[in-house]
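# A structural walkthrough
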Amino acid sequence: MADTTAQNPDATTPPASGPGTEPGSGPDLAGVRVAVIGAGNMGGPVVRTLLAAGVRAEDLRIANSSTASSERAAEELGATAARTREAAVAAADVVVLGVKPYQVLDLLAEIREELPSDALVISLAAGITLAQLQQALPAQSAVLRAMPNTPISVGEGAVGLMRGAAVTDAQHALVHALFSRAGVVVDITEDQVHAFIAAAGSLAGFVFAIIEAMTEEAVRQGLKRDLADSLVQQTIRGAATMLLESGTHPALAKAGVCSPGGTTAEGYAAFERAGVRAGLAATMSAAAERSRELSQS
Ligand SMILES: NC(=O)c1ccc[n+]([C@@H]2O[C@H](COP(=O)([O-])OP(=O)(O)OC[C@H]3O[C@@H](n4cnc5c(N)ncnc54)[C@H](OP(=O)(O)O)[C@@H]3O)[C@@H](O)[C@H]2O)c1
């Protein structure tokens, strides 16, 4: 189970949650009504994790940009399509905003009249601050930001939660329960979200790119594509699981694979000469910097 306190010294009363958390071990989610406005690349995995946590399909309403799109997403994800955004929101306990960041504030202006006064609004948007969300809603609205990554769809992702001032302890516990099947769920501050995006939100995309590049080279070296796929993916999963389970520092685990004069040592020397380490640092740094820019615009 994830130790949220160890990972985030600034955590605010974090109920532990992780892949092993059973639905029902926190607040009972049966009967909690959730509206997801924008079930796309990120909203879709959020829908899956909420259903896995125990939200009932009939209580999880999806509103996309058109009725046809809402129905398509609801069928694919096993939830319910709402006729309109307003209908989705009207009786909701929790409203998840999964639209693009530039759409979030306009969307809030559209739905604020329909929003029940005690509803909790969860925004997934990068760069839209709690203060901006709060300003777009009536005073004392409960607003929280959640920064997930797409591996939450298989219960192996990460979610950073940023709690607004009006969120009650019960609502905070509810959000942890809602994301309890996502993977690692941690409370973070808005200052930490830029680093969080580099290390989790955007990192999933970088890892996909690394896997793709490694697979292409495995094919170039002569492996069939399906074998290359499974070897690269299994080795990356196995390496991560080894570190997670043993707590070994990655540098020590790497030294354990590099025999003197051997293949890994030779390959690793090429890794450093090619500037892969610096390239990875620059990649993550660019994502964090872009997040800082978006928060200021
Ligand atoms: N992608 C990630 O890895 C990731 C990670 C962390 C956070 N986020 C955040 O997640 C949010 C969504 O990003 P995304 O990558 O999932 O985008 P996306 O795949 O384009 O999904 C956007 C969704 O919003 C819907 N939508 C568009 N206009 C709408 C409207 N007027 N009313 C209702 N629904 C509308 C779209 O419906 P249609 O399909 O019908 O157009 C689509 O389902 C962003 O704020 C982003 O910052 C994304």
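Residues numbered from 1 in each chain as written. Predicted model: local features only at pLDDT ≥ 70, side-chain atom pairs only at ≥ 80, totals over all residues. Heavy atoms only, no water.

### Overview of the site of the ligand
As a reminder, the rule being used: The criterion for a residue being near a molecule or strand is simple. One of its heavy atoms has to lie within 4 Å of it. Two N or O atoms count as a polar contact when they lie within 3.5 Å, although within protein this holds only if one can serve as hydrogen donor and the other as acceptor, and sequence-adjacent residues are included solely when both atoms are side-chain atoms. Each accessible area is a Shrake-Rupley estimate made with a 1.4 Å probe; only the visible protein chains count as cover when residues are assessed. Helix and strand definitions here come from DSSP, where helices need a minimum of 4 consecutive H or I residues and strands a minimum of 2 consecutive E residues; each element is numbered from the N-terminal end. Residue polarity follows a fixed list, in which Ala, Val, Leu, Ile, Met, Phe, Trp, Tyr, Cys and Pro are nonpolar, Asp, Glu, Lys and Arg are charged, and the others, Gly among them, are polar.
Of all residues adjacent to the ligand, which total 22 residues, the nearest are Asn41, Met42, Ser65, Ser69 and Val99. A distance of 2.9 Å separates an oxygen atom of the ligand from a polar backbone atom of Asn41. When the free accessible area of the ligand is taken as 900 Å², the share hidden by the protein chains comes to 75%. Within the residue set of the shell around the ligand, elements represented by two or more residues are helix H5 (101–111) and strand E6 (142–148). Partitioning the shell around the ligand into residue classes produces 11 nonpolar, 9 polar and 2 charged.

### Quick look at the pattern of salt bridges
Defined as follows: A side-chain nitrogen of Lys or Arg and a carboxyl oxygen of Asp or Glu constitute a salt bridge if their distance falls within 4 Å. The classification of residues rests on relative accessible area computed with a 1.4 Å probe and restricted to protein chains. Under 20% of the type maximum is buried, over 50% is exposed, and intermediate values are partly exposed.
Within the structure shown, the criterion is met by 13 salt bridges. The partner of Arg292 in a salt bridge is Glu289, and the shortest N-O contact between them spans 3.2 Å. Pair noted here: Arg292 and Glu289 are both in helix H13 (residues 276–296), with a separation of 3 residues, about one helical turn. A relative accessible area of 33% means that Arg292 is categorised as partly exposed. What makes Glu289 partly exposed here is its relative accessible area of 39%. Put simply, Arg56, Glu58 and Asp59 are held in one network by salt bridges that share partners.

### Regarding the pairing of strand E2 (residues 60–63)
The condition that has to hold: Here a strand pair is declared whenever DSSP counts at least two bridges between the two strands. Crossover handedness is defined by viewing with both strands directed away from the observer: a clockwise path from the first strand over the helix to the second marks the crossover as right-handed.
When strand E1 (residues 34–37) meets E2, the two strands line up parallel, connected through 4 bridges. For Val34, the partnering residue across the bridge sits in E2 and is Leu60. The parallel pair E1 and E2, bridged by helix H2 (residues 43–53), forms a crossover whose chirality is right-handed. As paired strands, E2 and strand E3 (residues 80–81) are joined by 2 bridges and run parallel to one another.

### Points about the packing of helix H9 (residues 203–220) against H13
How two helices pack is summed up by the angle between their axes together with the distance between the axes. Spelled out, the test is: What counts as an axis is a line fitted to C-alpha atoms, over the stretch in contact for a helix, and the angles between N-to-C directions run from 0 to 180 degrees. By convention, the crossing between two helices is left-handed when the near helix turns anticlockwise from the far helix through less than a right angle, and right-handed when the turn is clockwise. Residue contacts are defined here by distance: any two heavy atoms, one from each residue, within 4.5 Å place the two residues in contact.
Across the interface, H9 lies against H13 with an axial gap of 11 Å and an inter-helix angle of 150 degrees. Considering only the axes of H9 and H13, their crossing is right-handed. Residue-level contacts link Leu203, Phe206 and Ile210 of H9 to Leu280, Thr283, Met284 and Ala287 of H13. Classifying every residue of the contact of H9 with H13 gives 6 nonpolar, 1 polar and no charged.

### Quick look at the domain arrangement of the protein chain
The condition is simple: For each domain, the first and last residues come from an automatic or database assignment. Accessible area that two parts lose when put together, with a 1.4 Å probe and added across both, is what the buried area reports.
With domains assigned, the protein chain is organised as domain 1 (4–194) and domain 2 (203–296). At the junction of the two partners, domain 1 supplies 6 residues and domain 2 supplies 7 residues. Together, the buried faces of domain 1 and domain 2 total about 580 Å²; carbon and sulfur atoms form 60% of this surface. Contact with domain 2 buries area across many residues of domain 1, yet Gly127, Thr150 and His194 alone supply 69% of it, more than any other trio. Applying the counting rule to domain 1 against domain 2 returns 0 salt bridges. Viewed at the interface, domain 2 and domain 1 are joined by 2 residue pairs in polar contact (both at pLDDT 80 or more).

### So, the environment of Pro148
Along the polypeptide, Pro148 turns up in strand E6. When the C-alpha atoms of Pro148 and Val55 are compared, they prove to be 18 Å apart, with 93 residues separating the residues in sequence. With residues up to four places along the chain from it excluded, the contact list for Pro148 reads Met42, Val46, Leu124, Ala158, Val159 and Gly201.

### A closer look at unusual backbone geometry
The residue Gln140 is not glycine, and still its phi comes out positive at about 70 degrees. Its place among the elements puts Gln140 in the loop between helix H6 (130–135) and E6. According to the relative accessible area criterion, Gln140 is exposed, its value standing at 66%.

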